[in-house]
Amino acid sequence: MKTRVIGKDLEVSSLGYGCMGLSHGYGPATNKEEAINTVRAAFESGYTMFDTAEIYGPFINEEIVGEALKPYRNQVAIATKFGIASMNDKTGEMVLDSSPETVRKSVEASLSRLKIDTIDLYYQHRQDPNTPIEVVAQTMKELIEEGKIKNWGLSVVDEDTIRRAHKVCPIAAVESEYSIMYRHIEKDVLPVLEELDIALVAYSPLGKGFLTGKYSKETTYPAGDLRNIMARYKPEVMEANQALLRFMQNIATEKQVTLSQVALAWLLARNPNVVPIPGSRNIERIKENAGADKIVLSLDEYAQINKLLNEIDVVQVAF
């Protein structure tokens, strides 16, 4: 797989692997041994950036990533996150804490679970309203100086927060949802990232699975799968967004690729600072996603796709 650079010198595969779904959000957690094998299969497929968080599981996801990647530590970049003390999977309610004391406990615990000496990319998972972003940035600056982390970033934040944090300690990446069906960050966040040369790590680049075209209004999901309550999987929303899938299918047919590969190639064509992180438990899907790295959309093709895309009435929902 080709590579991209996050921050000054963090070289990663153009597509990263999102590990969350192995133990959080999409039904019962994957058996630990199977999950470890899946992460290793992703590495063998060319992925060298792996994205996790302390809250996934909670905690078990970091343990899986640490165990799986231990033999390849000098060949991979590991990103994890702090700041969500607890989360209710049924309501989505989060308890947020990014106080310096809590962050320092979190980083030590993550290092232990991941079995590493330094974290390549450390994100604030969600902004803590009780801790000014400048205080968080100062803590990150200290952790970088201490060698606990190499780079830091923010997740799901606005333009003002990015600018304020970046002044205190340069941000390497911002992680936000971004896909061909969910483009809200194009209005304000993406422009400031491009201005400040900050990478965008795009989570849910396949629209939480919708853009694969593998699901219909009749599809059922196991207990604990968030798609049971996601607005984008309501029958009326799925029906409204079939036009987008048909549009993508035309491109896929012309390029002789899959819908997933079209969605990922579109993201890669935005600019070299975009790194999508699709996740899957299915090794064949992981390999399929990696194939998007080989699809080339010219500037003219990308512009034409966007022109036509803007003519489609896409129902964009945040969840």
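In the annotation of an unreviewed UniProt entry, the entry for the protein reads Aldo/keto reductase, and the organism field reads Niallia circulans.

Asks: How do you make sense of the overall build of the protein when you look at a structure like this?
Replies: The secondary structure content of the protein amounts to eleven helices and twelve strands. Here the C-alpha atoms of the protein give a radius of gyration of 19 Å, agreeing with the 20 Å that 2.2 N^0.38 yields for 319 residues. Dimensions along the principal axes, computed over C-alpha positions, put the protein at roughly 50 × 45 × 35 Å. Within the span of the protein, comprising 319 residues, buried residues form 55% of the whole. Nonlocal contacts in the protein, meaning residues at least 24 apart in sequence, comprise 76% of its contacts between residues at least 6 apart. As displayed, the protein offers around 14100 Å² of accessible surface, 50% of which is attributable to carbon and sulfur atoms.

Asks: Sorry if this is basic, but what is going on with the pattern of salt bridges here?
Replies: Once the charged atoms of two side chains with opposite charge are near each other, the side chains can pair. Applying the stated rule across the entire model yields 27 salt bridges. A salt bridge links E301 to K255; the nearest nitrogen and oxygen atoms lie 2.9 Å apart. One end of the pair, E301, is in helix α11 (residues 299–309); the other, K255, is in helix α8 (residues 242–255), and 46 residues separate them in sequence. Given a relative accessible area of 27%, K255 falls into the partly exposed group. Here E288 makes a salt bridge to R285, at a shortest N to O gap of 2.8 Å. Of this pair, E288 and R285 both sit in helix α10 (residues 283–290), three residues apart, roughly one helical turn. Given a relative accessible area of 11%, E288 falls into the buried group.

Asks: Is there a simple way to think about helix α6 (residues 189–196) in this case?
Replies: Think of an α-helix as 3.6 residues a turn; residues three or four steps apart then line up on the same face. Within α6, the full set of buried residues consists of V189, L190, V192 and L193. The arc that holds every buried residue of α6, seen down its axis, measures 165°, which confines them to one face. Summarising the contacts, the buried residues of α6 are in contact with α5 (159–168), β10 (173–177) and β11 (199–203). Where α6 terminates, the next one or two residues include D197, which has phi positive at roughly 60°.

Asks: Mind showing me how you'd approach the layout of surface pockets here?
Replies: The rolling of a water-molecule-sized probe over the atoms marks out the regions of remaining empty space. Its boundaries defined by the atoms lining it, the second largest pocket holds a volume of some 290 Å³. What lines the second largest pocket is a set of 14 residues, and nearest its centre among them are K8, N151, P170, I171 and A172. Top element by residues in the lining of the second largest pocket is helix α4 (residues 133–145). It accounts for three residues.

Asks: When you look at the environment of I144 in this model, what are you seeing that I'm missing?
Replies: For I144, the location among the structural elements is in helix α4. Spatially, the C-alpha atoms of I144 and G25 are 31 Å apart, while their sequence positions differ by 119 residues. Once you skip the residues sitting within four places of it in the chain, I144 turns out to touch I149, K150, W152 and C169.

Conventions adopted
Residues numbered from 1 in each chain as written. Predicted model: local features only at pLDDT ≥ 70, side-chain atom pairs only at ≥ 80, totals over all residues. Heavy atoms only, no water. Helix = DSSP H or I, 4+ residues; strand = E, 2+ residues; numbered from the N terminus. Rg over C-alpha atoms; globule rule 2.2 N^0.38 Å. Buried < 20%, exposed > 50% of the residue type's maximum accessible area, 1.4 Å probe, protein only. Contact = heavy atoms within 4.5 Å. Areas by Shrake-Rupley, 256 points an atom, 1.4 Å probe, with all protein chains shown as cover. Salt bridge = Lys/Arg side-chain N within 4 Å of Asp/Glu carboxyl O. Arc of directions from axis to C-beta. 1 Å grid on protein atoms, 1.4 Å probe; cavity = no way out; pocket = protein on both sides within 12 Å on 5 of 7 lines; lining within 4 Å. Points joined across faces, edges and corners; volume = space filled by probe spheres on them.

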